[in-house]
Amino acid sequence: SPQRVDVRFVGSPPVRQVERALGVSNVQVEGSVLRCTVYGSFQSFLEALRGHEVISLTSIQTGV
């Protein structure tokens, strides 16, 4: 099932890297918070976050 993910960063989120990550869609940004949907494996998504300081990460399974 897809996961709805909210990530809060120190500074600006790595929007371009996350948008290019395999299995990621619906990327939205509000200030230092990035929201997106991750389908399947989180590996590509997590690699897109590399080098950026994360304050919090929440993942909730959606009903799709």
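The preceding data block contains the structure.
Structural notes, computed from the coordinates. (Residues numbered from 1 in each chain as written. Predicted model: local features only at pLDDT ≥ 70, side-chain atom pairs only at ≥ 80, totals over all residues. Heavy atoms only, no water.)

**Quick notes on the overall build of the chain**
Logical step 1: Tallying secondary structure elements over the chain gives two helices and four strands in all.
Logical step 2: Traced from its N-terminal end to its C-terminal end, the chain shows the element sequence β-α-β-β-α-β.
Logical step 3: Taken over the C-alpha trace, the chain has a radius of gyration of 11 Å; the compact-globule value for 64 residues is 11 Å, and the two agree within 12%.
Logical step 4: C-alpha atoms of the chain, sized along the principal axes, occupy 30 × 15 × 15 Å.
Logical step 5: For the chain, with 64 residues in total, the buried portion stands at 28%. (Helix = DSSP H or I, 4+ residues; strand = E, 2+ residues; numbered from the N terminus. Rg over C-alpha atoms; globule rule 2.2 N^0.38 Å. Buried < 20%, exposed > 50% of the residue type's maximum accessible area, 1.4 Å probe, protein only.)

**Some details on unusual backbone geometry**
A negative phi holds for most residues other than glycine; trans holds for most peptide bonds.
Logical step 1: At Asn-26, a residue that is not glycine, the phi angle is positive and equals roughly 55 degrees.
Logical step 2: Mapped onto the secondary structure, Asn-26 falls in strand β2 (residues 24-30).

**Quick look at the packing of aromatic side chains**
Logical step 1: One pass over the structure, following the stated rule, counts one aromatic pair.
Logical step 2: Look at Phe-42 and Phe-45: their rings are 6.0 Å apart centre to centre, the planes differ by 85 degrees, and that puts the pair in the edge-to-face class. (Phe/Tyr/Trp six-rings, centres within 6.5 Å; stacked < 30°, edge-to-face > 60°.)

**Points about the nonpolar core**
Logical step 1: Core analysis: the largest hydrophobic core is formed by twelve residues, namely Val-5, Val-7, Phe-9, Val-18, Ala-21, Val-24, Leu-34, Cys-36, Val-38, Phe-45, Ala-48 and Leu-49.
Logical step 2: Counting residues per element, the ones that place at least two in this core are β1 (3-9), β3 (33-38) and α2 (43-49).
Logical step 3: The residues touching Leu-34, leaving out its near neighbours within four places in the chain, are Val-5, Asp-6, Val-7, Phe-9, Pro-13, Val-15, Val-18, Val-27, Gln-28 and Val-29. (Core = buried A, V, L, I, M, F, W, Y, C linked by side-chain atoms within 4.5 Å. Contact = heavy atoms within 4.5 Å.)

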